[in-house]
Amino acid sequence: MEPRGNLEAGSVELGPPWQALPVLSEQQSEAVELVPAFAAPVLDPRQTSRLVREVSAALPLPSQPHLKRVRPNPDAQRPHALELLLCLAGPRPGTRTLAELLPPTVDARGLGPPFLAPVPARPPLTRAQFEAARAHWPSTFHEDKQVTRALAGRLFSAQERARMQGHMERAVRVAQQAAARGLRAVGAVVVDPISSRVLAAGHDCCSDTSPLLHATMVCIDLVAQGQGCGAYDLGTHPACWFASTTGPQGARPGAVRKLEREDLDGEDGLPYVCTGYDLYITREPCVMCAMALVHARIRRVFYGSPSPDGALGTRFRLHARPDLNHRFQVFRGVLEHQCCVLDPDT
Ligand SMILES: [Zn+2]
């Protein structure tokens, strides 16, 4: 059921430059947590390598593999050059001597009296966390280059950005059509990113009798209708449409999803509704819609404006929860200005 006539005609106003920024997980976004540890000055630098070897063997840090054992002395007023990390201090550290902290297998020659130092509790996940962590204690950092590029706004090429803008402009036009019919101005499209083909477009269709027909729910159902399923009767909303993916057209080259075993529903062996697909939506989805996207196995979500009730960055980050059985990437800010004016928060 492709759109009839020029139902999606209309222009999207030019706005300020936009940037698609990744919405990272809570673990990637949180401030660096510090825990107290005991360290000691290395007063005889000739003993350093032996001390590192003996302390590392006697007091391993299996939960903090990111922590380096030695750091340069940060206090210019004190003469020693290096400091050695001994062990974590626990919740009530108090004052300890070397004899209390070190087992007999460690020869304490060359070490000064121990002191407390805050160290990062977990490995840094982003460059910002790495910079914050190493300000306290040197840490290793296995950088995810894709995350770094995304945070710097350099993940997408000009060609990809042009395609993303085109898809979001389409979602904006669908939202404008909803507004013209007295409905909430939230629009969305589902895209096959391999072919860039739009598979469904929909808008918020909520009414007193159908309060759950948010734009995301409508779009997922329309994709399902394109696969010969679906549940909603959206015939009275001409801007809501789907492309069939079951016939010869749906199987055309470049439109076929690459599927892994985990992409298939264990019960019927068929792909989940949105496996491999992207959603472009003018407003950040709510909790219900975000969970529906988890169940539908969406690949990526791009949204324009944040929402106070948003579940993909504002109130929650459901797309990145380790305890859910599907995770997906989320980017905010695509045509943010045009999307914000569509459905401003009151
Ligand atoms: Zn919703």
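Residues numbered from 1 in each chain as written. Predicted model: local features only at pLDDT ≥ 70, side-chain atom pairs only at ≥ 80, totals over all residues. Heavy atoms only, no water.

Draft legend 1. Expanded view of the overall build of the protein chain. If you tally the helices and strands in the protein chain, you get nine helices and eleven strands. Scored against the burial criterion, the 346 residues of the protein chain give a buried share of 46%. Pairs at least 24 residues apart make up 66% of the contacts formed inside the protein chain by residues separated by at least 6 positions. Accessible surface for the protein chain amounts to roughly 17,500 Å². Of this, 54% is attributable to carbon and sulfur atoms. (Helix = DSSP H or I, 4+ residues; strand = E, 2+ residues; numbered from the N terminus. Buried < 20%, exposed > 50% of the residue type's maximum accessible area, 1.4 Å probe, protein only. Contact = heavy atoms within 4.5 Å. Areas by Shrake-Rupley, 256 points an atom, 1.4 Å probe, with all protein chains shown as cover.)

Draft legend 2. Local environment of the side chain of Gln 129. Here Gln 129 is to be found in helix 4 (residues 127–134). Take Gln 129: its relative accessible area is 7%, and that puts it in the buried class.

Draft legend 3. A look at the environment of Gln 176. Topologically, Gln 176 is positioned in helix 6 (residues 158–180). Gln 176 sits 166 residues away from Leu 342 along the chain, and the two C-alpha atoms are 7.4 Å apart. Beyond its immediate chain neighbours, meaning those up to four positions away, Gln 176 contacts Ser 11 and Leu 342.

Draft legend 4. Molecular detail of empty space enclosed by the protein. Tallying each qualifying case throughout the model produces one cavity of 30 Å³ or more. Taken together, Gln 19, Ala 20, Ala 150, Gly 153, Arg 154, Leu 155, Phe 156 and Arg 161 form the lining of the largest cavity. For the lining of the largest cavity, the class distribution of residues is four nonpolar, two polar and two charged. (1 Å grid on protein atoms, 1.4 Å probe; cavity = no way out; pocket = protein on both sides within 12 Å on 5 of 7 lines; lining within 4 Å. Points joined across faces, edges and corners; volume = space filled by probe spheres on them. Nonpolar A, V, L, I, M, F, W, Y, C, P; charged D, E, K, R; others polar.)

Draft legend 5. Local environment of the sheet that holds strand 2 (residues 34–42). Reading across the sheet, the four strands line up as 3-4-2-5 and stay open at both edges, with antiparallel pairing between neighbours. Two strands lie at the open edges of the sheet, namely strand 3 (70–72) and strand 5 (115–120), each paired on one side alone. The average angle at which neighbouring strand axes cross in this sheet is 45 degrees, direction not considered. Sheet analysis places strand 2 next to strand 4 (residues 82–88), joined by six bridges and oriented antiparallel. (Pairing = 2+ DSSP bridges. Axes fitted to C-alpha atoms, helices over the stretch in contact; angles between N-to-C directions.)

Draft legend 6. Seen up close, the coordination of the zinc ion. Protein ligation of the zinc ion involves His 214 (ND1), Cys 286 (SG) and Cys 289 (SG), the donor distances falling in the range 2.1 to 2.2 Å. Linear spacing of the donor residues for the zinc ion on their chain is H-x71-C-x2-C. On the accessibility criterion, Cys 289 (2% relative accessible area) is buried. (Donors = N, O, S within 2.8 Å, 3.2 Å for Na, K, Ca; no water.)

Draft legend 7. Spatial organisation of the pairing of strand 11 (residues 329–332). Sheet topology places strand 1 (residues 21–22) next to strand 11; two bridges connect them, and they run antiparallel. Counted as the bridge partner of Pro 22 is Phe 331 from strand 11. For strand 10 (residues 300–305) and strand 11, the ladder comprises four bridges, and the chain directions are parallel. Looking at the pairing, Val 301 lines up with Val 330 of strand 11.

Draft legend 8. Representation of the sheet that holds strand 9 (residues 278–283) in the model. The strand order across the open sheet built from seven strands is 1-11-10-9-6-7-8, with neighbouring strands paired in mixed fashion. At either margin of the open sheet sits one strand with a lone partner, and together these are strand 1 and strand 8 (241–242).

Draft legend 9. Up close: helix 6. Given a rise of 1.5 Å per residue, 23 residues ought to cover 33 Å, and the 33 Å separating the end C-alpha atoms of helix 6 matches this to within 8%. Taken residue by residue, helix 6 has Met 164, His 167, Met 168, Ala 171, Val 172, Arg 173, Val 174, Ala 175, Gln 177 and Ala 178 as its buried positions. In the core, the buried residues of helix 6 are packed alongside strand 6 (187–192), strand 7 (197–203), strand 9, strand 10 and helix 9 (336–342). Remark: Gly 182 follows helix 6 within two positions and exhibits a positive phi of approximately 80 degrees. (Expected span 1.5 Å × (residues − 1).)

Draft legend 10. Seen up close, the nonpolar core. Residues Leu 279, Ile 281, Ile 298, Val 301 and Phe 328 are the most contacted members of the largest nonpolar core, which totals 38 residues. Breaking this core down by element, the ones donating at least two residues are strand 6, strand 7, helix 7 (215–226), strand 9, helix 8 (287–296) and strand 10. Discounting residues that sit within four places of it in the chain, Phe 328 has contacts with Ala 290, Leu 293, Val 294, Ile 298, Arg 299, Val 301, Leu 312 and His 319. Val 172, Val 174, Tyr 280 and Phe 302 belong to the second-largest nonpolar core, a separate cluster that totals 26 residues. (Core = buried A, V, L, I, M, F, W, Y, C linked by side-chain atoms within 4.5 Å.)

Draft legend 11. The arrangement of the pairing of strand 6 in detail. In terms of burial, strand 6 is largely enclosed, as six of its six residues are buried. Both faces of strand 6 are covered, namely the face carrying Gly 187, Val 189 and Val 191 and the face carrying Ala 188, Val 190 and Asp 192. Bridge count for strand 6 against strand 9 is four bridges, and the pairing is antiparallel. Across the sheet, residue Val 190 finds its bridge partner in strand 9, namely Leu 279.

Draft legend 12. Geometry of the packing of aromatic side chains. Inspection of the entire model under this criterion finds five aromatic pairs. Summarising the aromatic geometry, the rings of Phe 156 and Phe 302 are spaced 6.1 Å apart at their centres and angled 55 degrees between planes, so their arrangement reads as tilted. Pair noted here: Phe 156 is in the loop between helix 5 (145–151) and helix 6 and Phe 302 is in strand 10, with a separation of 146 residues, a long-range link. On the basis of an interplanar angle of 5 degrees and a centroid distance of 4.6 Å, the ring pair of Tyr 280 and Phe 302 is categorised as stacked. Within this pair, whereas Tyr 280 is found in strand 9, its partner Phe 302 is found in strand 10, the two being separated by 22 residues in sequence. Overall, the relative accessible area of 4% leaves Tyr 280 in the buried class. Under the relative-accessibility criterion, Phe 302 is labelled buried at 0%. (Phe/Tyr/Trp six-rings, centres within 6.5 Å; stacked < 30°, edge-to-face > 60°.)

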